[in-house]
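# Overview (structure and organization)
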Amino acid sequence: MSDPVYHLPQERKLVTSLPGPSSRKIEARRDAVVAKGVSSSAPFYVDKADGGVIVDADGNSIIDLGAGIAVTSVGASAPRVVENVQKAVANFTHSSFATTPYEGYVAVCEQLAELTPGSFAKKTVLVNSGAEAVENAVKVARHYTGRDAVAVAENAFHGRTNLTMAMTSKAMPYKTGFGPFAPEIYHFPASYPFQEPTPLTGEQAAQRAIDYLETRVGADHLACLVHEPIQGEGGFIVPEPGYLPALQAWCRAHGIVFVIDEIQSGFCRSGKWFASEYEGLEPDVITTAKALGGGLPIAACTGRADIMDSAQAGGLGGTYGGNPISCAASLGAIATMKEWDLPNRAQAIETEIRAKLGDLVNDPASCVGELRGHGAMMALEFVAPGTRTPDAAKAKQVVSDLLSEGVLMLTCGINGNCVRFLPSLVIPIPLLDEALDLLVKAIKA
Ligand SMILES: *Cc1c(COP(=O)(O)O)cnc(C)c1O
């Protein structure tokens, strides 16, 4: 074990207001050529990033609590990732594993077999994006079971391709105007402890989901049930304990492939290697992406060998899936997670966040309804004081106040009323503290 090293000063330093003149110039060029449907949370343009900071085109150093949407957990320029990529890119940029294979692909699959939960034999297909990993989980589950139907949780987010849009709950901005969607997708009521009209145990919430699926779909028709262990875009919703294990047991009893989507929560983010470990889950299939590549595009669908092997040769994969540069980056990122003990650092981040923000939540007149999550995957849910009525305007105000101070945070939530922490796991704690103090100020404003 060793401590992270940084090559950029880990500091918040604004030399212009945001966005500065250089960012404004790029923004004007963007307006002319980049599709409006592609949006950015930040108004500034990135020049460099490392540890817990982004340095923009004007030289402003901003505290980054977004990590490129939970991707740069090891930092955006971690030494082992950079070295591995530089070496790999000088050897060969691409050969397509589908035609001419290479060792890096196999090595990433070995790491996934070893690190993901479940002590059974596992196999993996590597792809380019999280959505593609989820698509492959559905493909193998359908092939293996010979069934069509897919069960997904309310408030889920699984991606932006046609199939994964159908599996995602939030219409705006993800689905509106983009239908028709893939058939045979069933959204069941999920555990959302804070917004439950009457409190349910995990087992009761699972039974509600099971009753829903049995009456409307029938267990015999379900190929798979797909669930995030902590719902990400939906609001960092941690289900009631016992809920996911009960769903897993029901899936086992009925031959339904139990798929856990760890694309956002996986690879140390939650304070464990995988958030599934909090409930002792052993998913049949697990999807990963985001932090897996240390910033380069790569995603994986890993599962029980018999399930993964059921698809015919040539049925899985793609031109770029498991690109050699991405594999090299991924091996560097995983080595970094081990060397710098990132699960432990994620837990330290949670401790710090709870210590600094706990008081806001305990005040009954507070607009902070709940602080929840695990590790470095925490969120605040904003409500009208004393109620559970979502207050998206407050979440927006907080994020915008913070941005003007040089701290980048992202919103989330099915109602857009949550503010989430997704810092790099290597953010120095004093830098995180500085951001938390500014956050408290913005909330009280
Ligand atoms: C981000 C995300 C996806 C989609 O990943 P992309 O790489 O954007 O396609 C799927 N599932 C979860 C849980 C995610 O957070």
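A quick note: this is a predicted structure, and the numbers were derived from the prediction, not measured.

### So, the environment of Cys224
- Relative to the assigned elements, Cys224 resides in strand S7 (residues 222-227).
- Between the C-alpha atoms of Cys224 and Gly255, which are 31 residues apart in sequence, the distance is 8.6 Å.
- The contact partners of Cys224, leaving out residues within four places of it in the chain, are Val138, Ala141, Ala149, Val150, Ala151, Ile256, Val257 and Val259.

### What about the packing of helix H3 (residues 79-91) against helix H10 (residues 324-339)?
- The geometry of H3 relative to H10 is characterised by a closest axis approach of 8 Å and an angle of 155 degrees between their N-to-C directions. For the element pair H3 / H10, the angle class is roughly antiparallel. Our pair here, H3 against H10, has a crossing hand that is right-handed. Residues Arg80, Val81, Asn84, Val85, Ala88 and Val89 of H3 lie in contact with H10, whose contacting residues are Pro324, Ile325, Ala328, Ala329, Leu331, Gly332, Ala333, Ala335, Thr336 and Glu339.
- Per-class residue counts for the contact of H3 with H10 are eleven nonpolar, three polar and two charged.

### Remarks on the pairing of strand S2 (residues 53-56)
- With burial as the criterion, each face of S2 is covered, one bearing Val53 and Val55 and the other bearing Ile54 and Asp56.
- With four bridges joining them, strand S1 (residues 46-50) and S2 adopt antiparallel strand pairing. Within S2, the residue paired with Asp50 across the bridge is Val53.
- Connecting the antiparallel pair S1 and S2 is a turn made up of two residues, with Gly51 showing a positive phi of about 55 degrees.
- The pairing of S2 with strand S3 (residues 61-64) spans three bridges and is antiparallel. Residue pairing for S3: Val55 is matched across the bridge by Ser61.
- The antiparallel hairpin formed by S2 and S3 contains four residues in its connecting segment, where Gly59 sits at a positive phi of about 90 degrees.

### Things to note about the nonpolar core
- By size, the foremost hydrophobic cluster in this structure holds 94 residues, and its most contacted members are Phe267, Leu357 and Leu439.
- Counting residues per element, this core draws most heavily on helix H13 (residues 429-444), at nine residues.
- Excluding anything up to four places from it in sequence, Phe267 contacts Leu112, Leu115, Trp273, Phe274, Thr288, Ala291, Leu292, Ile334, Met337 and Leu425.
- Listed in part, the 23 residues of the second largest apolar core include Ala190, Leu244, Trp250 and Ile256.

### Describing the domain arrangement of the protein chain
- Each domain of the protein chain was delimited in the assignment, giving domain 1 (21-77 + 341-444) and domain 2 (81-339).
- Here domain 1 and domain 2 have C-alpha centroids that lie 25 Å from each other.
- At the junction of the two partners, domain 1 supplies 37 residues and domain 2 supplies 37 residues.
- In total, domain 1 and domain 2 occlude about 3,000 Å² of area from one another, counting both sides; carbon and sulfur atoms represent 61% of this.
- When the buried surface of domain 1 facing domain 2 is broken down by residue, His374, Met377 and Ile414 rank first, second and third, together holding 25% of it.
- Linking domain 1 with domain 2 are one salt bridge, by the criterion used here.

### Regarding unusual backbone geometry
- Of the consecutive residues Leu18 and Pro19, the connecting peptide bond is found in the cis state with omega at -5 degrees.
- Mapped onto the secondary structure, Pro19 falls in the segment before helix H1 (21-33).
- The backbone phi angle of Ile69 is positive, close to 60 degrees, even though this residue is not glycine.
- Counting through the fold element by element, Ile69 comes out in helix H2 (residues 67-70).
- Classification of Ile69 as partly exposed rests on a relative accessible area of 40%.
- Backbone geometry at Lys290 places phi at a positive 30 degrees, although glycine is not the residue there.
- As for its placement among the helices and strands, Lys290 is situated in the loop between strand S9 (285-288) and strand S10 (299-304).

How each quantity is defined
Residues numbered from 1 in each chain as written. Predicted model: local features only at pLDDT ≥ 70, side-chain atom pairs only at ≥ 80, totals over all residues. Heavy atoms only, no water. Helix = DSSP H or I, 4+ residues; strand = E, 2+ residues; numbered from the N terminus. Contact = heavy atoms within 4.5 Å. Axes fitted to C-alpha atoms, helices over the stretch in contact; angles between N-to-C directions. Parallel < 35°, antiparallel > 145°, perpendicular 65-115°, else oblique. Left-handed = near helix turned anticlockwise from the far one by under 90°. Nonpolar A, V, L, I, M, F, W, Y, C, P; charged D, E, K, R; others polar. Buried < 20%, exposed > 50% of the residue type's maximum accessible area, 1.4 Å probe, protein only. Pairing = 2+ DSSP bridges. Core = buried A, V, L, I, M, F, W, Y, C linked by side-chain atoms within 4.5 Å. Domains from an automatic or database assignment. Buried area = accessible area lost by both parts, 1.4 Å probe. Salt bridge = Lys/Arg side-chain N within 4 Å of Asp/Glu carboxyl O.

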